[in-house]
Amino acid sequence: MSLNEHTAQNAAIAWLQDLGYTHITGNALERDLKKVVLEEELKTFLKNTYPNVPETARNEAFAQFIQHEGMEVAYRNQDFHRKLIQGIDIAWKDAQGNEKAKHLYPIDYVHPENNCFIVSDEVKIIGKNSRRADLIIFINGLPLIVFEFKNPFDSTVGVENAHRQIQNYVLDIPQLFDYNAICIASDGLEALHGMYSSALEWFAPWKSLDGDDTEQKAELQLETLLQGLFPKKTLLDYLQHFIFHEDHNGKIIKKGAKYHQYWGIRRAVESSLKNIKPNGDGRLGVIWHTQGSGKSISMAILTGILRQRPELKNPTIVIQVDRSDLDQQLYDNFILAKDLVGDVQHAESTDDLRRLLSTDGGGVIFTTIEKFRLKDLESGKEVQHPILSERSNIIVMADEAHRTQYGFESGGFAQNIRRALPNASFIGFTGTPVDGKDADTEQVFGTTIHTYDIKQAVEDGATVPIYYEPKMVPLNIKAKYTQELEEVEEQAEDTTVGVWAAVEDAAGAEDRVKTVAKDILEHFIARTATLDGKAMVVCMSRRNCVKMYDALTALEDCPEIAVIMTSNPGKDPKEWNAHMRTKDAMEAVKSRFKDPEDPLKMVIVRDMWLTGFDAPCAHTMYVDKIMKGHNLMQAIARVNRVFEGKPNGLVVDFIGISGFLAEATKKYTGSGGAGKPTIDLDAAVELCLEQLSIVKSLLGGFELDDINDMPETEKMKWTTSVLNGLLKDDATTEGYLKEERKLSELMAMTNSDERIWEIQEEVAIIQKFREQIRKIKYPPGAQRTKNDRIKDLISKSLESQAIVDLAAMYNLDKIDISIVDDSFQAIVKDKGGENIKIELLRRIINDELKVRTSKNIKKGRKLKEELEKVLGKYHKNSLDSIAAIKHLLDIANEMKEDDKRTKELGLTEDELAFYDLLSENAAILNQAGPIQDLVHTVVASVKKNLQLDWTKKEDAKAAIRLAVKKELRGKVPFSELDKLLKEVIEQAEGQYAEWPLLG
């Protein structure tokens, strides 16, 4: 029995059949291969579901469901998704001429059994190219889920290859992705779900069947995904509520919930319906999802679901936060998710809030809790907050419920909000549960209904781990304050408390600030030498922020920095004027800091941006401020966001927060959370040194001194031998690249540590081999390099440059068939380094075939088959290396001969394929002059009739067919004309499909 990608594919089909899906093979589906909807299935569903709607109206609905607005896939997909979940309105006139209307959906979300679920394998689709999708799930004929599988028994391919294939499908068969809701990439072991347009880091496993247990075993991922997400009821629920599009100034980003968000929100909906007043006590519960794991998305999805529940009768959802900057950020996120939540209103003032809450209509209202203040009236201050609404379908959703949620004393905000909305119900979202005295989250909001902790978030890749590096610069502070500092409550972080004022003064001492600034800059330059990204510096006070800015900017090589703080123009010193910003200016700085390419590399903050602020490219936080409890946990989480090529976040401690981190960890784990907020950098250093040993062993082991002592000729031999070994087969090559990548990531984490400096030369040599492999084996990836935040040590190393660069010797920057000249062939035919030479030739030929195949489809296919045959035999050891090299050179020479032939025949490059076509049929041609004359006229007739997107327009293709037919008529027997015409048109489609971009 053959073990290959079909093994995983067939297992998926079997699991889906167990869930009640109908399996039909792709070639048995009744459809036009250029269309992706099973049209009869959709028409049958509409007829069965809406029998009282006339056929003409149903046909109109059918047309709307399969026709989408937008020039690009992203817009068409968004348009279809809206119709998929929101349905459409159809109007018609009955026999008496009366206007009738009905709202139609393409799926029955309430009764899953009323829908048709088909799983189909090997589905051929003809688009810009012909492609065969491994597995598609059609619901009522709509192709909503695409699976791409890779062989679980082949160590050289994995989910990244499956993901890459999906990206190519989007280009080749874009019509499939007009409808796509979910993509699955799997190698049988790993199985990840995501959106068709997302990078691989946003694809995720589905690790829970019911929200309680979490499956961690890799070999169970495909089964867990199918059993957890694909029961019909769950899948329809996910499609209807858990997918949305965001419009970022014209760029559409599609997002879908991860498993922890799905199960957390499901629990929240159940708890809300059960505990909402008047049936329950109004405490709907707490969702505790660690910072950085998508809390704002969860809040938006929950809001959308609650607004649609009929039993809540158009509820009002009040989104309430502690501070105005958090209010604005969360509000912006909800605006982006407007497809889910509908219209959102923002309370700009206390009066505005009171007006919004006094109306009877539902909706979403954003406010800070301080807007529930008592007002100053002409007769004096209000004694108590007025009642604004006695409706029971008001739900207050508190973001990061902290101390302001517990102010139940007279006139406290928590008391005021409950007086204003006496029948409202409350649900809390938090990443840092607070359980200190008088501040028990569960006492206020109810029990914790779902937990997603640090340990699970890091394991799932929802956040990156945070490492901790102590670099304390002592404070000159009186001994009496040390004990006081331990006893001060976290809420008392205020300069009005003596100990905080003393610490601020000590931290801001001129000599100390200069020392810390120098250390920060040295550390940041070292860290960004191998890991591109940004940093935040946290200081005790606004005054200290300005001092730190002045000290840093006075240093040579300091990057661009900004101070982020509130300002009071009437009281602040004029020297601070440069750091005062309007609201718009602050938003501009925020956008710049979030942009990884922007030169603003560092910000200095006191309180602002330490909660609710996401800049995924920020990877380092320099702490020079005492922080405790949830404030500390919130702050350090600024560097745990996932970002391409970012292996970790790092907290560098200059003031001594390790004890408070330990306390925060104790509180976190005591509340039921698993995992530590930070990991000591020592652990990463140890891992890095271990990984170095692993990678060196893959190279056969080496000592730096031995390499440096070698004469140049010996270095050349050693380099060739090692590289040849690494290229002996795909599994060896991929294994090395994978382990080298781990080492480079660990180096990027730890290179500020002196213990790592000693191994930089060895790592540079290791990276040099990686660079050579990529140059020889793979085409240069400009985009990949640009987006890769992990930087090499090669350019910063002196010794590693001594290794001979074989790739440069083979002139790989000029990578086309012209490189295979006589001198190159002589080098390749020499004995030694056969694996390198075969990889090099494969690369050259493959690159050339990509260019040539569209210009000569028949010849390209023939050469591609020859190439695969030779390499297949070589890797199975049925062809020795010398014979394989000879065959590959023959293929290369055949391509070069084509170039020579083109010139000799007096043809243009794009005419040769048509010449070969007609030459093959020379026996039947009635052509007086040379065949070239006929080729010129045929190609000219094709080009003359080209138009934009002509391959998609039947009338345009017909015009070209007619023009070519005129040229061939009389020169080709009538019985052979259609066959030859078909071949000419096929070649034209391959060669001129992208006209006018290509020709």
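Asker: Sorry if this is basic, but what is going on with a negative patch on the surface here?
Answerer: On the surface, a cluster of negative charge is contributed by Glu703, Asp705, Asp706 and Asp709. The exposure class of Glu703 is partly exposed, given its relative accessible area of 48%.

Asker: Got a minute to help me understand the sheet that holds strand 20 (residues 466–470) in this structure?
Answerer: Whenever strands of a sheet pair, they do so through backbone hydrogen bonds, lying parallel or antiparallel. One open sheet holds the seven strands; their spatial order is 22-23-21-24-25-20-26, and the pairing between them is parallel. Sheet topology places strand 22 (560–564) and strand 26 (679–680) at the edges, where each strand pairs with a single neighbour. Strand direction decides the pairing type here: strand 21 (residues 534–539) and strand 23 (residues 600–605), joined by four bridges, are parallel. If you follow Ala535 over to strand 23, its bridge partner there is Met602. Contacts from helix 19 (residues 510–530) reach strand 20, strand 21, strand 23, strand 24 (618–624) and strand 25 (649–653), with the element oriented near 165° to strand 24.

Asker: Quick question: what am I supposed to make of the packing of aromatic side chains here?
Answerer: Summed over the entire model, instances satisfying the criterion amount to 21 aromatic pairs. Their ring planes at 85° and their centres at 6.2 Å tell us that Tyr259 and Tyr452 sit as a pair that is edge-to-face. In this pair, Tyr259 sits in helix 9 (residues 259–275) while Tyr452 sits in strand 19 (residues 448–452), placing the two residues 193 residues apart along the sequence. Residue class for Tyr452 comes out buried when judged on its relative accessible area of 3%. Ring centres 6.3 Å apart and planes at 25° place the aromatic pair Phe593 and Phe613 in the stacked group. Residue Phe593 is found in helix 21 (residues 583–594), and its partner Phe613 is found in the loop between strand 23 and strand 24; the two are separated by 20 residues along the sequence. By relative accessible area, which is 0% here, Phe593 ends up buried.

Asker: Help me out: how do you make sense of the pairing of strand 9 (residues 243–248) in this one?
Answerer: Regular strands place side chains that alternate from one sheet face to the opposite one. With six bridges joining them, strand 9 and strand 10 (residues 251–256) adopt antiparallel strand pairing. Looking across to strand 10, one finds that His245 is bridged to Lys254. Counting the residues that bridge the hairpin from strand 9 to strand 10 gives two residues, and of these Asn249 lies at a positive phi of roughly 50°.

Asker: Can you help me understand the nonpolar core in this one?
Answerer: A general feature of soluble globular proteins is that nonpolar side chains tend to end up buried together. Counting residues in hydrophobic clusters, the biggest one holds 116 residues, and the most contacted among them are Leu144, Phe147, Ile182, Phe230 and Phe334. No other element matches helix 10 (residues 295–308), which puts seven residues into this core. Counting 57 residues, the second largest nonpolar core, distinct from the first, contains Val537, Val563, Leu737 and Ala764.

Asker: Sorry, what's going on with the pairing of strand 22 here?
Answerer: Counting buried positions along strand 22 yields four of five residues, so the element is predominantly enclosed. Taken together, the five bridges between strand 22 and strand 23 define a ladder with parallel strand orientation. Across the sheet, Ala562 pairs through a bridge with Val603, a residue of strand 23. Regarding topology, helix 21 serves as the crossover connection from strand 22 to the parallel strand 23, and that connection is right-handed.

Asker: Sorry, what's going on with unusual backbone geometry here?
Answerer: Leaving glycine aside, a negative phi is the common case for residues, and trans is the common case for peptide bonds. Residue Pro278 follows Lys277 across a cis peptide bond; omega there is 5°. Positionally, Pro278 belongs in the loop between helix 9 and strand 11 (283–289). Residue Asp557 is not a glycine yet carries a positive backbone phi of 70°. Secondary-structure assignment places Asp557 in the loop between helix 20 (542–553) and strand 22. The exposure class of Asp557 is exposed, given its relative accessible area of 59%. Its identity is not glycine, yet Trp609 carries a phi of approximately 70°, on the positive side. Position of Trp609 among the secondary structure elements: in the loop between strand 23 and strand 24.

Asker: Help me out: how do you make sense of the environment of Ala509 in this one?
Answerer: Tracing the backbone shows Ala509 in the loop between helix 18 (498–507) and helix 19. Along the primary structure Ala509 and Leu475 are separated by 34 residues, whereas in three dimensions their C-alpha atoms are 8.7 Å apart.

Asker: Can you walk me through the packing of helix 24 (residues 681–698) against helix 29 (residues 760–777) in this structure?
Answerer: In contact at an axis separation of 11 Å, helix 24 and helix 29 are set at 45° when each is read in the N-to-C sense. Considering the angle they form, helix 24 stands oblique to helix 29. Handedness of the helix 24/helix 29 crossing: left-handed. Facing helix 24, whose interface residues are Leu692, Val695 and Lys696, helix 29 presents Glu762, Val763 and Ile766. In the contact of helix 24 with helix 29, the residues fall into four nonpolar, no polar and two charged.

What counts and what doesn't
- Residues numbered from 1 in each chain as written.
- Predicted model: local features only at pLDDT ≥ 70, side-chain atom pairs only at ≥ 80, totals over all residues.
- Heavy atoms only, no water.
- Patch = residues over 30% accessible without salt bridge, like charges linked within 9 Å, V, L, I, M, F, W, Y side chains within 5 Å.
- Areas by Shrake-Rupley, 256 points an atom, 1.4 Å probe, with all protein chains shown as cover.
- Salt bridge = Lys/Arg side-chain N within 4 Å of Asp/Glu carboxyl O.
- Lys, Arg positive; Asp, Glu negative; His and termini not counted.
- Charge placed at Lys NZ, Arg CZ, Asp CG, Glu CD.
- Buried < 20%, exposed > 50% of the residue type's maximum accessible area, 1.4 Å probe, protein only.
- Pairing = 2+ DSSP bridges.
- Helix = DSSP H or I, 4+ residues; strand = E, 2+ residues; numbered from the N terminus.
- Contact = heavy atoms within 4.5 Å.
- Axes fitted to C-alpha atoms, helices over the stretch in contact; angles between N-to-C directions.
- Phe/Tyr/Trp six-rings, centres within 6.5 Å; stacked < 30°, edge-to-face > 60°.
- Core = buried A, V, L, I, M, F, W, Y, C linked by side-chain atoms within 4.5 Å.
- Right-handed = clockwise from strand over helix to strand, strands pointing away.
- Parallel < 35°, antiparallel > 145°, perpendicular 65-115°, else oblique.
- Left-handed = near helix turned anticlockwise from the far one by under 90°.
- Nonpolar A, V, L, I, M, F, W, Y, C, P; charged D, E, K, R; others polar.

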